Amino acid sequence: MTAIADMVEVVADALEKAEIGYSMNLIRLVDGVSTYRLRYDDGETLEFGSPDEVYEHVAQKKRLTQATAAIAAVLSQQSLAKRDEATKAEVRA
């Protein structure tokens, strides 16, 4: 595999693993006004006025989680590549 193909595989794997868990509950319905509680598996809890707002927030958090995972994977891969090059240079010396 080429270095780019390896990088793509590492990023794809990181994106796949960057899942978030959450639950949504209707916690209040007063005079036709709803309040929904969003609770992420990491403990973060938020309240919203509609399910659409909840799903929008979840989608945004998922995108950010995936982006963070992809960046971390790239940086980790680059770090490993630099370490391998340094090791090869030491062996040659």
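**Concerning the sheet that holds strand β2 (residues 33-40)**
Taken together, the three strands give an open sheet; going across it, the order is β1-β2-β3, and neighbouring strands pair in antiparallel fashion. Lying at the two open borders of the sheet, with one neighbouring strand each, are β1 (22-30) and β3 (45-48). Put simply, the sheet's adjacent strands are angled 20 degrees from each other on average, direction ignored. As judged from the four bridges shared by β2 and β3, these two strands associate in the antiparallel manner. Across the sheet, residue R39 finds its bridge partner in β3, namely T45.

**Things to note about the pairing of β1**
In this structure, β1 lies alongside β2, joined through eight bridges in antiparallel fashion. Each bridged residue has a counterpart across the sheet, and for L26 the counterpart in β2 is Y36. Counting the residues between successive antiparallel strands, the hairpin from β1 to β2 contains two residues, one of them, D31, with a positive phi of roughly 50 degrees.

**Looking at the pattern of salt bridges**
Counted by the stated rule, this structure contains six salt bridges. Put simply, R28 and E47 hold a salt bridge, and the shortest N to O gap is 3.4 Å. Taken as a pair, R28 in strand β1 and E47 in strand β3 lie far apart in primary sequence, 19 residues in all. Its relative accessible area of 42% is what places E47 among the partly exposed residues. The residue K61 makes a salt bridge to D42 at a minimum N-O spacing of 3.4 Å. Of this pair, K61 sits in helix α2 (residues 51-92) while D42 sits in the loop between β2 and β3, placing them 19 residues apart in sequence. Among the charged side chains, a network of salt bridges with common partners joins R28, R37 and E47.

**A few points about the environment of V11**
One can find V11 in helix α1 (residues 3-17). What makes V11 buried here is its relative accessible area of 17%. Remark: the alpha-carbon pair of V11 and Q77, spanning 66 residues in sequence, is separated by 9.3 Å. Beyond its immediate stretch of four places on either side in the chain, V11 contacts A70, A73 and V74.

Scoring rules and cut-offs
- Residues numbered from 1 in each chain as written.
- Predicted model: local features only at pLDDT ≥ 70, side-chain atom pairs only at ≥ 80, totals over all residues.
- Heavy atoms only, no water.
- Pairing = 2+ DSSP bridges.
- Helix = DSSP H or I, 4+ residues; strand = E, 2+ residues; numbered from the N terminus.
- Axes fitted to C-alpha atoms, helices over the stretch in contact; angles between N-to-C directions.
- Salt bridge = Lys/Arg side-chain N within 4 Å of Asp/Glu carboxyl O.
- Buried < 20%, exposed > 50% of the residue type's maximum accessible area, 1.4 Å probe, protein only.
- Contact = heavy atoms within 4.5 Å.

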